[in-house]
Structures are given as C-alpha cells and as structure tokens.
Amino acid sequence: MASPTNKFKYESLQDRETITRYLEALREGFENGHLRLAWKDSVLELEPEGLIRLDVEAKQKDDQMKLNIKM
C-alpha cells in the first residue's frame, strides 16, 4: 500500500461523463466527511468538518477553460 502524503496531483484527459463521476465521488466524500485521493504511489486522505472556506475561480480563453476550487 502507498504511504500517505500531504500533496496529491492527478491530470488526465477525460470525457464529461467521467469527470461527472469523479466530481460525484468528491461530493460523496464531502458528504461522508472522508475523502481518499489515490493515484500511483500518491495517497492523500482528507476529513473535512465544520465550516469550510470555499473559493471558486473560473476562466475561459478561446477554447480553453480553467476551474479552480479551493477548500
């Protein structure tokens, strides 16, 4: 099993359905109070609770879109 880290990064090319499922899994993790992010040898477990600051930033330039969500 991979050892826990304090940083997680994942990049891939996905269709909208796959991205929707990924975001749904994140929503479920927030609802349950436990998110486990894992890819290759990187694992990060988060346990959000109480009030959480939420920052959302979106940009679009030509056909490129960027969405940043920070908690």
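Residues numbered from 1 in each chain as written. Predicted model: local features only at pLDDT ≥ 70, side-chain atom pairs only at ≥ 80, totals over all residues. Heavy atoms only, no water.

Taken together, the side chains of F30, I52, L54, V56, L67, I69 and M71 make up a nonpolar region of the molecular surface, amounting to roughly 680 Å² of accessible area. Within the fold, L67 resides in strand β4 (residues 64-70). (Patch = residues over 30% accessible without salt bridge, like charges linked within 9 Å, V, L, I, M, F, W, Y side chains within 5 Å. Areas by Shrake-Rupley, 256 points an atom, 1.4 Å probe, with all protein chains shown as cover. Salt bridge = Lys/Arg side-chain N within 4 Å of Asp/Glu carboxyl O. Helix = DSSP H or I, 4+ residues; strand = E, 2+ residues; numbered from the N terminus.)

Turning to the pattern of salt bridges, a few remarks are in order. Opposite charge on two side chains permits pairing when their charged atoms draw close. Under the counting rule described, the total for this entry stands at six salt bridges. Between R27 and E31 there is a salt bridge; the shortest N-O distance is 2.4 Å. Of this pair, R27 and E31 both sit in helix α1 (residues 16-32), four residues apart, which is roughly one turn of the helix. The exposure class of E31 is exposed, given its relative accessible area of 56%. Note that E57 is salt-bridged to K59, the shortest N-O span being 3.6 Å. A residue is classified by how much of its surface remains accessible, and K59, at 49% relative accessible area, is partly exposed. In this structure, a network of salt bridges that share partners links the residues E24, R27 and E31. (Buried < 20%, exposed > 50% of the residue type's maximum accessible area, 1.4 Å probe, protein only.)

Before going further, it helps to spend a moment on the packing of aromatic side chains. Applying the stated criterion to the full structure yields two aromatic pairs. Here the aromatic rings of Y10 and W39 are separated by 5.1 Å at their centres, their planes lie at 85 degrees, and the arrangement is edge-to-face. On the criterion of sequence distance, the pair formed by Y10 in the segment before α1 and W39 in strand β1 (residues 35-39) is long-range, its members being 29 residues apart. Judged by relative accessible area, W39 falls into the partly exposed class, the value being 35%. Here a set of aromatic residues connected by ring pairs shows up, and it is made of Y10, Y22 and W39. (Phe/Tyr/Trp six-rings, centres within 6.5 Å; stacked < 30°, edge-to-face > 60°.)

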